[in-house]
Amino acid sequence: MSDTNGRFGWYELMTTDVDAASAFYAKVVGWTPTDSGMPGPTRYMILNVGAAGVGGVFTPEGGCPEGARPGWIGYIFVDDVDAYVGKVVEAGGSVFMPADDIPGVGRFSVVADPYGAVFTLFKPFPQDEIPPQPADGAPGTFGWRELMAGDLEGAFSFYSKLFGWVKTQAIDMGPMGTYQLFAYEAGGPDIGGMMTRLPDMPVSFWNYYAQVDSASAARDRAVAAGATTMMDVHQVPGGSWIYMATDPQGAGFAVVSTAQ
C-alpha cells in the first residue's frame, strides 16, 4: 500500500438507475460495464478500461438517501482506514459513514473535509489488492481531480497534512481567484487542482475528469445520449480541453482530452 497511500484509486457513481447510467458512460467515455457479482440486494457494476476496473456504479438499497442526489465520489487509498478517520476528525473534518468492511473487498469510511467536500477512505483486503490500473492520460482513466474548496488555503492545508500532497503551479484566474495545481509528492506530475468555490456554488465538492479521445466528440455523444451541458468545450491553461455536463440521472460529470 505504500505506493498508493494518499492517492486516488477508485471512482464511484451513486445513481438512481444502474443499467441506464452504465450504458450512458459506456457510450460517452468508452468504459465496458460488467456486473461485479457481489452478493446482496445492491447491484454493483464495474467500469472497465480493457481488463482493469477504474470505477463502479450502484444504487443504494432503498434508493439515494434523503437529500442526496446522484453523483461521483473518489476513493483515496490509505494504509489504515480507522487511523485516517481519526486524523480527519482531528483536523476538523466530519464522518458520514464510520469505518466498516465491504465483505471480500476492503475497509472504507465516507468522510468530508472541514468545508464539506466528501471523499472515501479505502484499504483493500490483502487478498483483493487492486490490480495495476492504466496510467493517467490513457483513454478511460480519470485524468484530473478538482476541488471546489470552501477556502483554498484551508482546504489545501487539510489535504497536505493528511496525505502529504504538495503545491505546484498557481494559476491566476482573475476575479475567480487562484487555481492551485497539486501533486501527490514533490517532483511528481500534477494530478489535480483546487480553488475557492465561486459564490454561486452552494457547497464545496470534488469533481473528477474522465480522459477521452476528444472533448467535442464526447460532448456530442453525451448530448445524443441525454446529457445536459453545464459548460461547453473549452481549452484550459496547459492546453487541455474540457467539457462538463449532467448525465440523464442528474449526476454531474466532466471529461478532459488533449484534442479538442
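Residues numbered from 1 in each chain as written. Predicted model: local features only at pLDDT ≥ 70, side-chain atom pairs only at ≥ 80, totals over all residues. Heavy atoms only, no water.

### Side note on the sheet that holds strand β13 (residues 205-211)
- With mixed pairing, the eight strands of this open sheet are ordered in space as β10-β11-β12-β9-β13-β16-β15-β14. Of all the strands in the sheet, just β10 (166-172) and β14 (228-235) have a single pairing partner and so form its edges. Neighbour-to-neighbour, the strand axes of the sheet open up by a mean angle of 25°, direction not taken into account.
- Where β10 lies against strand β11 (residues 178-183), five bridges are found, and the strand directions are antiparallel. Within β11, the residue paired with Ala-170 across the bridge is Gln-180.
- Contacting β9 (142-149), β10, β11, β12 (190-196) and β13, helix α3 (residues 152-163) runs over the sheet at an angle of about 140° to β12.
- Running over the sheet, helix α4 (residues 215-224) touches β14, β15 (241-246) and β16 (252-257) and is turned about 15° from β15. (Pairing = 2+ DSSP bridges. Helix = DSSP H or I, 4+ residues; strand = E, 2+ residues; numbered from the N terminus. Axes fitted to C-alpha atoms, helices over the stretch in contact; angles between N-to-C directions. Contact = heavy atoms within 4.5 Å.)

### Examining the sheet that holds strand β2 (residues 32-35)
- Spatial strand order, β2-β3-β4-β1-β5-β8-β7-β6: eight strands in an open sheet with mixed pairing. The open sheet has two free edges, formed respectively by β2 and β6 (94-102), since each of these has just one partner strand. Pairs of neighbouring strands in the sheet enclose a mean axial angle of 30°, with direction left out of account.
- For strand β3 (residues 44-49) and strand β4 (residues 52-58), the ladder comprises six bridges, and the chain directions are antiparallel. Note that in β4 the partner of Ile-46 across the bridge is Gly-56.

### Overview of the packing of helix α2 (residues 81-90) against α3
- Put simply, α2 and α3 touch, their axes get as near as 11 Å, and they point 150° apart. When the axes of α2 and α3 are compared, the pair comes out roughly antiparallel. For the pair α2 and α3, the sense of crossing is right-handed. Residues Tyr-84, Lys-87 and Val-88 of α2 form the contact with α3, whose own contacting residues are Phe-158, Leu-162 and Phe-163. (Parallel < 35°, antiparallel > 145°, perpendicular 65-115°, else oblique. Left-handed = near helix turned anticlockwise from the far one by under 90°.)

### Quick word on the packing of aromatic side chains
- Taken as a whole and assessed by the stated rule, the structure comprises 30 aromatic pairs.
- Taken together, a centroid distance of 5.2 Å and an interplanar angle of 65° make the contact between Tyr-11 and Tyr-208 edge-to-face. Highlighted residues: Tyr-11 in strand β1 (residues 7-14) and Tyr-208 in strand β13, separated in sequence by 197 residues. Just as Tyr-11 is buried, Tyr-208 falls in that class too.
- Ring centres of Tyr-44 and Phe-58 lie 6.1 Å apart, and the angle between their planes is 20°; on these two criteria the pair is classed as stacked. Residue Tyr-44 is located in strand β3, and its partner Phe-58 is located in strand β4; the two are separated by 14 residues in the primary sequence. Assigned by exposure class, Tyr-44 and Phe-58 land together as buried.
- Cation over ring: Lys-87 sits above Tyr-84, and NZ or CZ is 4.1 Å from the ring centre. (Phe/Tyr/Trp six-rings, centres within 6.5 Å; stacked < 30°, edge-to-face > 60°. Buried < 20%, exposed > 50% of the residue type's maximum accessible area, 1.4 Å probe, protein only. Lys NZ or Arg CZ within 6 Å of the ring centre and 35° of its normal.)

### Looking at the side chain of Ser-216
- With respect to the helices, strands and loops of the structure, Ser-216 is situated in helix α4.
- Apart from residues no more than four positions distant in its own chain, Ser-216 is found in contact with Val-233 and Gln-260.

### Points about the nonpolar core
- Membership of the largest hydrophobic core comes to 56 residues, with the highest contact counts inside it found for Phe-119 and Trp-206.
- Here the element with the most residues in this core is α3; it accounts for seven residues.
- Each residue touching Trp-206, except ones within four places of it in the same chain, is listed here: Phe-8, Ala-117, Val-118, Phe-119, Arg-145, Glu-146, Leu-147, Tyr-159, Trp-165, Phe-182 and Met-194. (Core = buried A, V, L, I, M, F, W, Y, C linked by side-chain atoms within 4.5 Å.)

### Points about the UniProt feature "domain: VOC" (unreviewed entry) in the protein
- With numbering matched to this structure, UniProt assigns "domain: VOC" (unreviewed entry) to residues 7-124 and 141-258.
- The span residues 141-258 shows a helical share of 19% and a strand share of 47%, and its end C-alpha atoms are spaced 13 Å apart. (UniProt positions renumbered as here; feature names shortened; annotations may be inferred.)

### Brief notes about the domain arrangement of the protein
- Looking at the protein, the domain boundaries give domain 1 (7-124) and domain 2 (141-257).
- Counting residues at the interface gives 38 residues for domain 1 and 35 residues for domain 2.
- Together domain 1 and domain 2 conceal approximately 2900 Å² of surface at their shared face, both sides included; 71% is due to carbon and sulfur atoms.
- Three residues stand out in domain 1 for area buried against domain 2, namely Phe-8, Phe-24 and Tyr-115, and they jointly supply 22% of the buried area on that side.
- Counting across the domain 1 and domain 2 interface gives one salt bridge.
- Residues Glu-185 and Arg-7 are paired through a salt bridge, measuring 3.2 Å at the closest nitrogen-oxygen approach.
- On inspection of domain 1 and its partner domain 2, the count reaches nine residue pairs in polar contact (both at pLDDT 80 or more).
- Listed by contribution, the elements that provide at least two residues to the side of domain 1 that touches domain 2 are β1, α1 (18-28), β5 (71-77), α2 and β8 (118-124).
- For the side of domain 1 that touches domain 2, the element with the highest residue contribution is α1, accounting for six residues.
- Class assignment for the residues of the side of domain 1 that touches domain 2 results in 26 nonpolar, six polar and six charged. (Domains from an automatic or database assignment. Buried area = accessible area lost by both parts, 1.4 Å probe. Salt bridge = Lys/Arg side-chain N within 4 Å of Asp/Glu carboxyl O. Polar contact = N/O pair within 3.5 Å; in protein donor to acceptor, adjacent residues only side chain to side chain. Nonpolar A, V, L, I, M, F, W, Y, C, P; charged D, E, K, R; others polar.)

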